[in-house]
Amino acid sequence: MIRVLLAEDQGMMRDALVLLLNLEEDLEVVAETDRGDDVVPRALETRPDVAVVDIELPGRSGLDVITDLHERLPTCRVLIVTTFGRPGYVRRAMDAGAAGFLVKDSPGHELAGAIRRVLAGERVIDPELATTALAVGPNPLTERELEVLAAADHGATAADIAELLSLSENTVRNYLSGIIQKTGARNRIEAIQKARRNGWL
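Residues numbered from 1 in each chain as written. Predicted model: local features only at pLDDT ≥ 70, side-chain atom pairs only at ≥ 80, totals over all residues. Heavy atoms only, no water.

To continue, consider the nonpolar core. In a soluble, globular protein the nonpolar side chains are often hidden away together inside. Residues Leu-5, Val-53, Ile-66, Leu-69, Ile-80, Ala-93 and Phe-101 are the most contacted members of the largest nonpolar core, which totals 25 residues. Considering each element in turn, this core owes the most residues, five residues, to helix H4 (residues 87-96). Filtering out sequence-adjacent residues up to four positions away, Val-53 remains in contact with Ala-7, Gly-62, Val-78, Leu-79, Ile-80 and Val-81. (Core = buried A, V, L, I, M, F, W, Y, C linked by side-chain atoms within 4.5 Å. Buried < 20%, exposed > 50% of the residue type's maximum accessible area, 1.4 Å probe, protein only. Helix = DSSP H or I, 4+ residues; strand = E, 2+ residues; numbered from the N terminus. Contact = heavy atoms within 4.5 Å.)

Structure follows, in structure tokens:
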């Protein structure tokens, strides 16, 4: 039996996936959670072969969980299944050590097949998403630029961002200017939108 951990915060979706996977003769859902910060503890407790993890989870992002799970339980393969088919998410997930990436509108039978394939050592990525990720290219922003952009996301002023990140206002303005240039945006709002759309933020 292939032991599966499922991390999905939408109750109906989680129940449906558990039912779907448990119908497979060789699959058994041994743990389920609706929180990102619960994934690693539950995995260490139940020792799944594959963790099926959503990206948008309360407590901790599924993308942040991948590295910890990879380090703490290296035998467990991670398969990201998400509504958000953003190219940057694919790159971030794969860079963190995920073995696969599917979007939730994929046919149901593909999930069971993907679980078997990642356990067999394959990398499984939604083909359309893989093509888009290659076309968009890598994230051009540094970690610090992403911090500044995330801080600017809710309409914060340069002074607000400077105080939050312990920077000078001039430094913040320079970062924002560089971000706008690197993303090819006209202003910071457009830069934020583009970064979110591409999964960089």
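One can describe the packing of helix H9 (residues 169-183) onto helix H10 (residues 188-197) by two numbers: an axis separation of 9 Å at closest approach and a directional angle of 55 degrees. Regarding the angle of H9 to H10, the classification is oblique. Along this stretch, H9 crosses H10, giving a crossing that reads as left-handed. Residues Leu-176, Ile-179, Ile-180 and Thr-183 of H9 lie in contact with H10, whose contacting residues are Arg-188, Ala-191 and Lys-194. (Axes fitted to C-alpha atoms, helices over the stretch in contact; angles between N-to-C directions. Parallel < 35°, antiparallel > 145°, perpendicular 65-115°, else oblique. Left-handed = near helix turned anticlockwise from the far one by under 90°.)

Here we take up the pairing of strand E5 (residues 100-103). Of the two faces of E5, the one lined by Gly-100 and Leu-102 and the one lined by Phe-101 and Val-103 are each fully buried. Bridging between strand E4 (residues 77-82) and E5 involves four bridges; their strand directions are parallel. Paired with Val-81 across the bridge in E5 is Leu-102. Here E5 pairs with strand E6 (residues 124-125) via two bridges, running parallel. Opposite Phe-101, over in E6, you have Ile-125 as the bridge partner. (Pairing = 2+ DSSP bridges.)

We now examine the confidence of the model for the chain. Here the chain averages 88 in pLDDT, while 94% of its residues score no lower than 70. Taken element by element, the chain is modelled with least confidence in helix H6 (residues 127-136), mean pLDDT 63, and with most confidence in strand E1 (residues 2-7), mean pLDDT 97. (pLDDT = per-residue confidence, 0-100.)

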